[in-house]
Amino acid sequence: MRTFSLLNADGEAYDLTDNGASFFYGVDGLGTENTVEHQQVGNDYVILTDLLSQSEITGSVKFWNPGAQKQYREFVRFCQSKPLTLVYTADGTEFRKKGTVTKIEYSEGESLRATITFAGLTPYYRELRSDSEKSSIENGKKYSFMYPYRYESALANTVVIESDSGIESPCRLIIKGPLTNPRWVHYVNNVECCSGKIIAEIPKGHRLVIDTTTVPYNIKEYNSQGEEVADRYQASDFGTQRFILLRHGNNRITVTEDNGEEIEIRVEGRIYYASV
């Protein structure tokens with residue numbers, strides 16, 4: 001069975017498969033399309049860029065009488081709290097896509113029917129999480145849902161996530177203080193592909209977060225209440241890549257610091273997919 005729902009920026013959820021209240025049907029645009037730029041070289045062509053195009057999902061939401069007009073107005077209000085997250089579940093697997101509802105048209109009959117257009121801001125993705133051994137990181141990013149996939153690393157100072165996608169995928173690397181000049185290394189299938197470092201002291205109870213789920217990417221320090229206390233980007237080693245993108249296969253991230261202490265680490269991955 002497949003289901004649809006929406007989450008808005010206020011943390012509210014809207015069920016789009018509630019038969020008898022609001023039902024999303026005639027859905028189109030769940031596939032994929034790439035924007036490809038070529039250059040001719042003699043009689044051949046080479047690919048210059050090959051990127052996922054922005055998706056556009058369309059469908060109709062049916063509101064039943066009595067109370068259809070009220071339900072429709074509530075739906076329109078809900079969609080104004082942007083960005084939205086479309087949650088699509090098929091065969092027991094949940095996928096998400098951030099976006100906005102850019103168009104709503106409606107007509108009346110025995111029931112009120114609204115035709116909507118949802119413009120995607122991200123590809124489809126799954127949320128994964130991995131914690132280092134003995135990790136008890138708290139006060140991290142708050143979600144209105146539970147991570148359906150969670151990994152536990154068997155190695156200290158290490159987190160591991162398996163990606164089954166061929167698309168580079170963002171993540172948040174969370175490192176809990178105290179830390180002195182923390183360094184991190186990202187291995188894919190046991191091959192080093194990225195490293196980073198900052199020159200700074202992160203006190204006990206604070207967290208250093210290296211985040212590629214936002215644009216622009218950032219490196220920030222947060223206190224125990226989850227409040228930002230410092231932007232650590234300028235303290236980072238510009239001779240390293242610093243920012244981690246998960247790749248297909250085994251992604252292993254190790255963290256060290258000058259005092260050689262055991263470090264509590266968490267990685268929150270957002271695995272991107274071309275289609276679902």
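Everything below is about the structure shown above.
None of the values given here were measured: they were computed from a predicted structure.

The rules behind the values
- Residues numbered from 1 in each chain as written.
- Predicted model: local features only at pLDDT ≥ 70, side-chain atom pairs only at ≥ 80, totals over all residues.
- Heavy atoms only, no water.
- Helix = DSSP H or I, 4+ residues; strand = E, 2+ residues; numbered from the N terminus.
- Buried < 20%, exposed > 50% of the residue type's maximum accessible area, 1.4 Å probe, protein only.
- Contact = heavy atoms within 4.5 Å.
- Polar contact = N/O pair within 3.5 Å; in protein donor to acceptor, adjacent residues only side chain to side chain.
- Phe/Tyr/Trp six-rings, centres within 6.5 Å; stacked < 30°, edge-to-face > 60°.
- Patch = residues over 30% accessible without salt bridge, like charges linked within 9 Å, V, L, I, M, F, W, Y side chains within 5 Å.
- Areas by Shrake-Rupley, 256 points an atom, 1.4 Å probe, with all protein chains shown as cover.
- Salt bridge = Lys/Arg side-chain N within 4 Å of Asp/Glu carboxyl O.
- Expected span 1.5 Å × (residues − 1).
- Arc of directions from axis to C-beta.

**Student:** Kindly report on the environment of Arg183, identifying the contributing residues and their values.
**Tutor:** Mapped onto the fold, Arg183 is located in strand E16 (residues 183-188). On the basis of relative accessibility, which here comes to 26%, the residue Arg183 falls in the partly exposed class. When the C-alpha positions of Arg183 and Lys220 are compared, they lie 14 Å apart, and in sequence the two are 37 residues distant. Not counting the four nearest positions on each side in its chain, Arg183 is found in contact with Gly196, Lys197, Thr254, Val255, Thr256, Glu257 and Asp258. Among the polar contacts made by the side chain of Arg183, one reaches the main-chain carbonyl oxygen of Asn181 at a distance of 3.2 Å. Within polar-contact distance, the side chain of Arg183 engages the side chain of Asp258 at 2.8 Å.

**Student:** Lay out the packing of aromatic side chains in plain terms, naming residues and giving numbers.
**Tutor:** For the coordinates displayed, the defined rule picks out 12 aromatic pairs. When the centroid spacing of 4.5 Å and the interplanar angle of 45° are considered together, the rings of Tyr72 and Tyr106 count as tilted. Note that Tyr72 is positioned in helix H1 (residues 68-79) and Tyr106 in strand E9 (residues 93-108), a separation of 34 residues in sequence. The class of Tyr72 is buried, set by a relative accessible area of 11%. Judged by relative accessible area, which is 42%, Tyr106 ranks as partly exposed. Three or more aromatic residues link up through ring pairs in this structure, and these residues are Tyr14, Phe63, Tyr72, Phe75, Phe78 and Tyr106.

**Student:** Break down a nonpolar patch on the surface for me, citing the residues and quoting the values.
**Tutor:** On the surface, Val41, Val46 and Leu48 cluster together into a nonpolar patch covering about 220 Å² of accessible area. Topologically, Leu48 is positioned in strand E6 (residues 44-52). Residue class for Leu48 comes out partly exposed when judged on its relative accessible area of 43%.

**Student:** Lay out the environment of Lys62 in plain terms, naming residues and giving numbers.
**Tutor:** Residue placement: Lys62 occurs in strand E7 (residues 56-64). Sequence separation between Lys62 and Leu16 is 46 residues, and the spatial gap between their C-alpha atoms is 9.2 Å.

**Student:** Quick one: what's the story with the pattern of salt bridges, residue by residue and with numbers?
**Tutor:** Evaluated as defined, the whole model comprises 15 salt bridges. The partner of Glu127 in a salt bridge is Arg270, and the shortest N-O contact between them spans 3.9 Å. Note that Glu127 is positioned in strand E11 (residues 124-131) and Arg270 in strand E23 (residues 265-273), a separation of 143 residues in sequence. Neither residue differs from the other here; Glu127 and Arg270 are each classed as buried. Each of Glu12, Glu74 and Arg77 takes part in one network of salt bridges that share partners.

**Student:** Tell me about unusual backbone geometry, and please be specific about residues and values.
**Tutor:** Between Lys82 and Pro83 the backbone carries a cis peptide bond, its omega angle lying at 0°. Summarising the element assignment, Pro83 is placed in the loop between H1 and strand E8 (84-90). That bond from Val215 to Pro216 is cis: its omega, 0°, falls within 30 degrees of zero. Within the fold, Pro216 resides in the loop between strand E19 (207-211) and strand E20 (218-222). One non-glycine residue, Asn181, lies in positive phi territory at about 50°. Take Asn181: it is sitting in the loop between strand E15 (179-180) and E16. By relative accessible area, which is 16% here, Asn181 ends up buried. For Asn189, which is not glycine, the phi torsion reads 50° and is therefore positive. Residue position: Asn189 is located in the loop between E16 and strand E17 (191-197). With relative accessibility at 44%, the residue Asn189 sits in the partly exposed group.

**Student:** Describe H1, and please don't skip the residues or the numbers.
**Tutor:** Given 3.6 residues per helical turn, the α-helix brings residues three or four places apart onto the same face. Between its terminal C-alpha atoms H1 stretches 17 Å, which fits the 16 Å expected from 12 residues at 1.5 Å a residue. Residues of H1 that are buried include every one of Ala68, Tyr72, Phe75, Phe78 and Cys79, and no others. Taken end-on, H1 shows its buried residues confined to a sector of 120°, consistent with a single buried face. For H1, the elements touching its buried residues are strand E1 (2-7), strand E2 (13-15), E7, E8, E9 and strand E10 (111-120).

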